[in-house]
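Observations on the three-dimensional arrangement
Residues per chain are reported as follows:
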Amino acid sequence: MRSETAPAIRLEDYRPPAYRIDKVHLNVLLDPAATEITATLSLSRAEGTREGTPLVLDGDELSLTGLKLNGQDLPETAYAAAADRLEILTPPAAPFELTIVTQVNPDSNTKLMGLFRSSGTYCTQCEAEGFRRITYFLDRPDVLAVYTTRLEAPKAECPVLLANGNLVEEGPVEGSGRHYAVWHDPHPKPAYLFALVAGDLARVPDSFTTASGKEVALNIYVEHGKETRCGWAMDSLKRSMRWDEETFGREYDLDVFNIVAVSDFNMGAMENKGLNVFNDKYVLADPETATDQDYANIEAVIAHEYFHNWTGNRITCRDWFQLCLKEGLTVFRDQEFSADMRSRPVKRIADVSLLKSHQFPEDAGPLAHPVRPRLYHEINNFYTATVYEKGAEVVRMLKTLLGAETFRAGLDLYFQRHDGEATTIEAFLACFEDAAGIDLGQFALWYDQAGTPVVTVSTRYDPERQTFSVSLSQEIPPVPGQAPTKPAVIPLRFGLIGPNGEDMDIEAAPEGARISGDVIVLEKTHQDVTFRNIASAPVLSLLRGFSAPVRLDHKPRPEELQFQAAQDSDPFNRWQAVQTLAMQDLVRLAGEFRKGADATPSEDVIRVFGSVLTDTSLDPALKAQALTLPSEADIAQEIGKNVDPDAVHAARQRLRQAVSSQHGDAFLALLATASREDGYSPDAASAGKRALSNRALYYYAAEGSADAAALVWDRYASADNMTDRLAALTLLVHDHMPRETEALDLYKARHESNSLAMDKWFMTQATAPGDETLAKVRALMTHPLYDAGNPNKVRALLQSFATGNPTQFARKDGAGFALIAESVLEIDKRNPQVASRLLTSFRSWRALDPQRSALAESALLRVSSCEDLSRDSRDIVDRTLQ
Ligand code: B3K
Ligand code: ZN
């Protein structure tokens, strides 16, 4: 017998809540095994609710220990209580107060939803539906209440007591060794934004003065001894606060902004009002233990959670179908922030690479869903790349179509019109319609249609008529269960590059398409665009800056791509041209290898890499990106069907070696000149230089010579920062260099006491190609520093194996799939969210060759046959097998 699939929740079934909860008072008596929560709710019938309508509150694994209505005990016949709901059968007609007492066990809460403990610290995670694991409630985002939270705990164990809002009172509980604190949050909020934290934590204080002169106390709370690693996060927070004022006119609205870093957390971080809780991976950094990528991630995640204060908290979602209303918009905002803090093109390339490697396969596989889904079984499975990353692209397209000024006016209107509300995508779009005076009806399809549109392009130059014609058509591949799609509005930023490498001036508006500035708006299935007075054949540079989340089916001649790789004034398309050239060759090589034939990389591609390498005009970070080969997963995605990961791996290695042997001297020279700067600085320019020298090391190491191995070892042993150390370690381990084991041991000895640094050690080994990796991963699962209850460890070892080691995950003996299936079943018992996330690593199984896809299917069936699978994993396995 298999577990039942949970009932589907549908957007069309949305009904406003029958009752309002205006005020919530919580009294929380903290105890590791028996925390008592007394919730006093001020309730009233919503407009239109008939008298006597039962009040049904949500619960999840709760036990009710007390219940009063307007201060009076309720007879047992007046209510029905179960672990997952509390029903008051005939509530009074007039506003009333309900007092609910529940008891929970934070220590046994391994799901890390609701109230749990991480290394002894009490903390909460309520989004999406965790508040109902603390008390019975109308746990839905459109019920907004003002919260007052009183916390009480033994002072010695929990000197720090935090909740949302401002601290209004604190003191000892006389004669008990206990103390209390009362926090009040004046901003009405949904329950998913509730948080409390209690424990023995160190505080790193700072402050920020807002544009209107208000002083805000800023604090980061961490485990004792980690205070020195909070500087970058604090600096990022202050820059985020300033940026949001300057860029979007958004000021902070409480007296205090607290961040708490914990080590056991299901996600990256959580934007609880005034009390953000973070996975410590996105707070703690120093050069010794964090890479440049870690610094960039911290900056982005701190900003993201902070920006939620307006886009998410002040204005929240009416229901969970509207998740992209806060997530897509907030990702867009954090991407813009990082672009302003760093290099805009480098950031754009990084974001698009992520979109293509995470969101595109999601949109092309069994887990595809629209940016705003219409149906879910388990909402936690919809915190996806589609909702977040594609959601951000939709907002970016809006800006591209409207222009920066009108976009800002629309957003201002949104903040003004909907402040304090729980709202919808329709309401959001209406603000832009009103600001711009246009109809966004067709644009709105981006929220409703799953699948990545394919834009097919062909061009023709007529020298006699001096016209350049571009034929464009769009198609969204069919997604099972989705109605036939309608044409989307696709903004295509473009340029026509003349023979001298410069963009041509386009004097007359072309025929056949709406065009604004340098953007062609494709809005029909097919459009022919004709440019006149074009004196010589141009090269079309289309989708500049990746102006829409589409796939281009455009087959420029290799010379055109090479020309773009060298000349395109748009850095994104320059990068894209190099990638396309490499990708085409990698796909060809993999095809040959799959047939058992031999093949050599294209001379042209190798030459293009050489020109990138020696181009002195390119900034180092961009150069490093251009010299990065598409990942094995990206190549597999491009191949699309019958994928043989071994052939893909071999193709990629072959191209790497060919580039190395052709340009080895240049890489060596680059390594010699990339002298280490004194002292480490995480700024983008320094990070770019490190990225480039580590790219050079990657190619140089491919020679496989003793000299190369010695150089990598030397870089490893002498590294004075984690970026360089990890880059060298990865080469030693992934290329199986002679001193691989010694390097791993040395790393362990150095970082043993630092859990985050050890995550990198686990990950490096889990992603190493080679048959022996599987046994190593199994052995590491019993390593004393591994902890199956810590989500970061599971992600470092198992998730990175499943998603970052395609040849081993998809081994021909099925052992890779089996390991992950087994692990999913094991983890699912304790933490369904972590298990179901791990299970999504199977999502592209149908694209594999028949032998491998059969093995993947049987691993999935094994998971599916489990009797008591969680709702989270059941949902993923059902959809993946569909
Ligand atoms: N809103 C949280 C994610 C909550 C995930 C719940 N399963 C973090 C963020 O997007 O900022
Ligand atoms: Zn978010």
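All of these numbers come straight from a predicted model, not from anything done at the bench. By convention here, each chain's residues receive numbers from 1 onward along its written sequence. Here the convention is simple: chains get letters from A, ligands get numbers from 1, in the order in which they are written. Local features in this predicted model are restricted to residues whose pLDDT is 70 or higher, and side-chain atom pairs enter the listing and the counts only when it is 80 or higher, whereas totals over whole chains, interfaces and linings include all residues. Values shown for side chains rest on all heavy atoms present in the structure; no hydrogens or waters enter the calculation.

1. Section: the sheet that holds strand S7 (residues 79-82)
Here is the rule: Here, any two strands with at least 2 DSSP bridges between them count as paired. Elements are defined by DSSP. Helices are runs of H or I of four residues or more, strands are runs of E of two residues or more, and each kind is numbered from the N terminus. To get an axis, a line is fitted to the C-alpha atoms, and for a helix only the part in contact is used. The angle between two axes follows their N-to-C directions and goes from 0 to 180 degrees.
The three strands are arranged S4-S8-S7 in an open sheet whose pairing can be described as antiparallel. A single partner strand is all that each edge strand has here, and the edge strands are strand S4 (55-58) and S7. Each strand of the sheet is rotated relative to its neighbour by a mean of 10 degrees, with strand direction disregarded.

2. Points about the packing of helix H21 (residues 791-804) against helix H24 (residues 832-839)
Filter applied, for reference: With respect to orientation, any angle under 35 degrees is reported as roughly parallel, any angle over 145 as roughly antiparallel, any angle of 65 to 115 as roughly perpendicular, and every other angle as oblique. When the near helix sits turned anticlockwise from the far one by under a right angle, the crossing is termed left-handed; a clockwise turn instead gives a right-handed crossing. When checking whether two residues touch, look at their non-hydrogen atoms; a contact exists if any pair is within 4.5 Å.
Interhelical geometry of H21 versus H24 gives an angle of 15 degrees and a closest axis separation of 10 Å. By the criterion of interaxial angle, the relationship of H21 to H24 is roughly parallel. Along this stretch, H21 crosses H24, giving a crossing that reads as right-handed. On H24, the residues touching Pro791, Val794, Leu798, Gln799 and Ala802 of H21 are Val834, Arg837 and Leu838.

3. So, the domain arrangement of the chain
Quick note on the threshold: All the domain ranges listed were derived from an automatic or database domain assignment.
Under the domain assignment used here, the chain contains domain 1 (9-200), domain 2 (361-554), domain 3 (704-751) and domain 4 (762-882). Computed over C-alpha atoms only, the centres of domain 2 and domain 3 are separated by 45 Å.

4. Details of the site of ligand 1
Put simply, the rule is: Residues are counted as near a molecule or strand when any one of their heavy atoms sits within 4 Å of it. The definition of a polar contact used here is a pair of N or O atoms within 3.5 Å, where within protein one atom must be able to donate a hydrogen and the other to accept one, and adjacent residues in sequence count solely through side-chain atom pairs. Any residue that is not Ala, Val, Leu, Ile, Met, Phe, Trp, Tyr, Cys, Pro, Asp, Glu, Lys or Arg is counted as polar, Gly included; the first ten are nonpolar and the last four charged.
Close contacts around ligand 1 come from 15 residues, with Glu127, Glu271, Glu305, Asn380 and Tyr388 the closest. A distance of 3.1 Å separates an oxygen atom of ligand 1 from a polar atom in the side chain of His304. A distance of 2.8 Å separates an oxygen atom of ligand 1 from a polar side-chain atom of Glu305. When the residues that make up the shell around ligand 1 are grouped by side-chain class, the tally is six nonpolar, four polar and five charged.

5. A word on unusual backbone geometry
Our working definition: Each residue gets one of three labels from its accessible area relative to the maximum for its type: buried under 20%, exposed over 50%, partly exposed in between, using a 1.4 Å probe on protein chains only.
Backbone torsion omega between Glu127 and Ala128 reads 0 degrees, so that peptide bond is classified as cis. When you line up the elements, Ala128 lands in the loop between strand S11 (121-125) and strand S12 (145-154). The backbone phi angle of Leu112 is positive, close to 60 degrees, even though this residue is not glycine. Along the chain, Leu112 falls in the loop between strand S9 (96-104) and strand S10 (114-118). Judged by its relative accessible area of 5%, Leu112 falls in the buried class. One non-glycine residue, Asn533, adopts positive backbone phi at about 55 degrees. Looking at the secondary structure, you find Asn533 in the loop between strand S30 (526-531) and strand S31 (539-542). Using a relative accessible area of 54% as the deciding quantity, one classes Asn533 as exposed.

6. Observations regarding the side chain of Glu740
Let me state the cut-off plainly: Asp and Glu count as negative and Lys and Arg as positive, but His and the ends of the chain are not part of the count. Each reported salt bridge corresponds to a side-chain nitrogen of Lys or Arg within 4 Å of a carboxyl oxygen of Asp or Glu.
Note that Glu740 resides in helix H18 (residues 740-751). As a buried residue without a salt bridge, Glu740 has its nearest oppositely charged side chain in Lys776, at a separation of 4.1 Å. For Glu740, the residues in contact, after removing those within four places along its chain, are Leu732, Val733 and Lys776.

7. Quick word on helix H1 (residues 231-248)
Definition in use: To estimate how far a helix should reach, multiply one less than its number of residues by 1.5 Å.
Here H1 contains 18 residues, and its C-alpha end-to-end distance of 25 Å stays within 8% of the 26 Å for a straight helix at 1.5 Å per residue. Along H1, the positions that sit buried rather than exposed are Trp232, Ala233, Met234, Ser236, Leu237, Ser240, Met241, Trp243, Asp244, Glu245 and Phe248. On its buried face, H1 sits against strand S17 (202-209), strand S18 (215-222), strand S19 (256-262), helix H2 (292-307), helix H3 (323-341) and helix H6 (404-418). Positive backbone phi, approximately 65 degrees, marks Gly249, located one or two places after H1.

8. Considering the sheet that holds strand S13 (residues 160-163)
Taken in spatial order, the four strands of this open sheet run S10-S11-S16-S13, and their pairing is antiparallel. Both outer strands of the open sheet, S10 and S13, are each paired with one neighbouring strand and no more. Along the sheet, successive strands turn relative to each other by an average axial angle of 15 degrees, direction set aside. Bridge count between S10 and S11: five bridges; the pairing is antiparallel. Paired with Phe116 across the two strands is Cys123, which belongs to S11.

9. Looking at the coordination of the zinc ion (ligand 2)
Rules: Only nitrogen, oxygen and sulfur atoms within 2.8 Å of the metal, or 3.2 Å for Na, K and Ca, are treated as donors, and water is left out, so sites may look incomplete.
In this structure, His304 (NE2), His308 (NE2) and Glu327 (OE) serve as the protein donors to the zinc ion (ligand 2), at separations of 1.9 to 2.1 Å. Positions of the donor residues of the zinc ion (ligand 2) along the chain correspond to the pattern H-x3-H-x18-E. With His308 in the loop between H2 and strand S22 (316-317) and Glu327 in helix H3, this residue pair connects regions lying 19 residues apart in the sequence. With respect to class, His308 is no different from Glu327; both count as buried.

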